[in-house]
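Chains, contacts and geometry: an overview
Chain by chain, the residues run as shown.
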Amino acid sequence: MSEFDWIDRYLRPLAKSPGADGLRNDVGVLRPAGSPLIATLDTLVESIHFLSSDPLDTVGQKLLRVNISDILCKGAVPRDALLSIAMPEAFTEDQFAALCEGLSRDLDTWNIALIGGDTVRTTGPLSLSLTLTGTCLTESVIQRSGAREGDTLYVTGKIGRGGLGLRDAQSGIESDHAAHYRVPDIPPLNIADLIAAFATASIDVSDGLISDAGHIAQESEASIQIDLGQIPFAETVRDAEHALEMATSGDDYQTLFTAPAYDQHRLHATAKTLGLDVTAIGSVCAGECIKLSLNGADVPVPARTGYRH
Ligand SMILES: Nc1ncnc2c1ncn2[C@@H]1O[C@H](COP(=O)(O)OP(=O)(O)O)[C@@H](O)[C@H]1O
Ligand SMILES: Cc1ncc(C[n+]2csc(CCOP(=O)(O)OP(=O)(O)O)c2C)c(N)n1
Ligand SMILES: [Mg+2]
């Protein structure tokens, strides 16, 4: 069977929206939106972003989720996807089918329309890219640059699971963290409502919490003070070194955002109503850097604040 047959059999059934035209056209038509339409693109490369031993259905789910986390953190809802698959010569039909099974699962879960893409062979490792659009729930897009002095810094979910999970997966340990490493637990869709209602700036935690907080600080020309003791870590913190390890390992795909301090009570009440797990971990102040503390003592910012490419 040729690649055309594989596309027919495995990808066409996933491309259900009218804009996909059954993958019979040169282009896909985006679903129309009344609010700002945003787009993101993230790539997963074998041995860099996932392990060769990871089941391919989990790789398909991870590809979608690392992109969905970018859309959600902007207070937006995911919509349409374009998929690029570059597969090694030896990639089999069963492997292609498994990859598409994982993709299918999360396309359905998140109501995302696959509207097209490209499938090629490569002499290199398996490499997957996804372009994902989203509709903002706000009139203007929430940037990394909107943090203001006096804002509170929040994060969703747990931090450090990606790094702990990679270590477990590499050691053959089937833990919850290893499951999160393969298929990241990302915030639910209604995090977009909370972000749209309250956030002044936001980002998703991909490289590492400290590194990604640094992006908000730099773009906002502000300083961010983080209390390591307040971060909802995946493991009970033993000491500053342990906390820093979990705050710099990345692969968390949670939402990190700032909001005005005067909204703190309303924000927590709304999060509770929406069933969202949100924790205040710091504040925005004057300056242009990251400041860390643990149990009231200053902690020096490490040289490596996140994953290095
Ligand atoms: N090859 C590229 N071409 C155009 N823009 C890029 C490219 N690589 C990265 N960018 C842009 O640079 C910015 C930072 O990228 P990145 O660190 O990958 O962000 P993220 O963590 O949101 O994926 C984003 O605005 C992204 O769109
Ligand atoms: C085999 C393997 N080694 C190391 C990592 C750790 N890792 C790789 S990329 C990355 C950061 C996120 O990837 P990137 O391409 O920077 O995504 P983006 O910031 O563009 O969303 C991390 C933590 C991993 N996921 N898998
Ligand atoms: Mg990226």
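Cut-offs applied
Starting from 1, residues in each chain are numbered consecutively following that chain's sequence as written. Throughout, the order in which chains and ligands are written sets their labels, letters from A for the former and numbers from 1 for the latter. Since the coordinates come from a predicted model, pLDDT governs what is reported: local features require at least 70, and pairs of side-chain atoms require 80 or more to be given and counted, while whole-chain, interface and lining totals use all residues. Note that water and hydrogens are dropped before the side-chain values are worked out from all heavy atoms of the structure. UniProt positions are given in the numbering used here, feature names are shortened, and annotations may be inferred rather than shown by experiment. The helix count covers DSSP runs of H or I at least four residues long, the strand count covers runs of E at least two residues long, and both are numbered beginning at the N terminus. Only protein chains enter the accessibility calculation, which uses a 1.4 Å probe; a residue whose area is less than 20% of its type maximum is buried, one above 50% is exposed, and one in between is partly exposed. Residues scored as positive are Lys and Arg, those scored as negative are Asp and Glu, and His as well as the terminal groups of each chain are ignored. Whenever Lys or Arg places a side-chain nitrogen within 4 Å of a carboxyl oxygen from Asp or Glu, that contact is recorded as a salt bridge. Whether two residues touch is decided by their heavy atoms; if any such pair falls within 4.5 Å, the residues are in contact. Axis lines are fitted to C-alpha atoms, over the contacting stretch for helices. Their N-to-C directions set the angle, which ranges from 0 to 180 degrees. Take the far helix as your reference; a near helix turned counterclockwise from it by less than a right angle gives a left-handed crossing, and one turned clockwise gives a right-handed crossing. The classification used treats Ala, Val, Leu, Ile, Met, Phe, Trp, Tyr, Cys and Pro as nonpolar, Asp, Glu, Lys and Arg as charged, and all other residues, Gly among them, as polar. Here a strand pair is declared whenever DSSP counts at least two bridges between the two strands. When we say a residue is near a molecule or strand, we mean one of its heavy atoms is within 4 Å of it. For this analysis, a polar contact is any N or O atom pair within 3.5 Å, provided that within protein one partner can donate a hydrogen and the other can accept it, and provided that sequence-adjacent residues contribute only side-chain to side-chain pairs. Think of a 1 Å grid over the protein atoms and nothing else: a 1.4 Å probe that fits but is trapped marks a cavity, an open set flanked by protein within 12 Å on at least five of seven lines marks a pocket, and residues with an atom within 4 Å of a point count as lining. Each molecule is checked against the cavity or pocket grid, and it sits inside if more than half of its atoms lie within 2 Å of the grid points. Residue ranges for the domains trace back to a domain assignment, done automatically or taken from a database.

Under an unreviewed UniProt entry, the name given to the chain is Thiamine-monophosphate kinase, and the organism recorded is Henriciella algicola. Of the chain, the UniProt comment under Pathway (unreviewed entry) reads exactly: "Cofactor biosynthesis; thiamine diphosphate biosynthesis; thiamine diphosphate from thiamine phosphate: step 1/1." Taken directly from UniProt, the Sequence similarities (unreviewed entry) text for the chain runs: "Belongs to the thiamine-monophosphate kinase family."

By the element assignment, Asp207 lies in the loop between strand 6 (201-204) and helix 7 (209-220). Among buried Asp, Glu, Lys and Arg side chains, Asp207 stands out as unpaired, with Arg144 the closest opposite charge at 7.3 Å. Setting aside residues no more than four positions away along its own chain, Asp207 makes contact with Asp212, Thr248, Ser249, Gly250, Gly306, Tyr307 and His309.

With that settled, the discussion passes to the packing of helix 1 (residues 3-11) against helix 3 (residues 93-109). Two elements in contact, helix 1 and helix 3, have axes separated by 10 Å at closest approach and are oriented at 35°. The element helix 1 and its partner helix 3 pack so that their crossing is right-handed. In this structure, helix 1 uses Trp6, Arg9, Tyr10 and Leu11 to contact helix 3, whose residues at the interface are Glu93, Phe96, Ala97 and Cys100. Looking at the contact of helix 1 with helix 3, its residues break down into 6 nonpolar, no polar and 2 charged.

Our focus in this paragraph is unusual backbone geometry. A positive phi is found at Leu23, a non-glycine position, where the angle reads about 55°. Relative to the helices and strands, Leu23 is located in the loop between helix 1 and strand 1 (37-45).

Our next topic: the pairing of strand 6. The alternating pattern of strand 6 places Ala201 and Ile203 on one face and Ser202 and Asp204 on the opposite face, and all of these are buried. Here 4 bridges tie strand 6 to strand 8 (residues 255-260), and the two strands are oriented antiparallel to one another. Across the sheet, Ile203 pairs through a bridge with Leu256, a residue of strand 8.

Within the structure, ligand 2 sits among 16 residues, and His49, Tyr181, Ser206, Asp251 and His309 are positioned closest to it. Within the side chain of His49, an N or O atom sits 2.9 Å from an oxygen atom of ligand 2. The cavity that encloses ligand 2 is the largest pocket. Taken together, the residues of the shell around ligand 2 break down into 7 nonpolar, 6 polar and 3 charged. Summarising the domain contributions, the shell around ligand 2 has at least three residues from each of domain 1 (3-136) and domain 2 (151-299).

Moving on: the sheet that holds strand 3 (residues 113-122). Spatially, the 4 strands line up as an open sheet ordered 1-4-2-3, and their pairing is mixed. Two strands bound the open sheet, and with one partner strand each, they are strand 1 and strand 3. Strand-to-strand twist of the sheet, defined as the mean angle between neighbouring strand axes without regard to direction, takes the value 15°. Examined bridge by bridge, strand 2 (residues 76-88) and strand 4 (residues 127-136) share 9 bridges and lie antiparallel to one another. Directly across from Ala81, in strand 4, lies its bridge partner Leu132. Contacts between helix 2 (residues 56-72) and the sheet are confined to strand 1, strand 2 and strand 4, with strand 1 contributing the most and set at about 145° to the helix. Helix 3 rests against strand 2, strand 3 and strand 4 of the sheet, and its axis sits at about 175° to strand 2.

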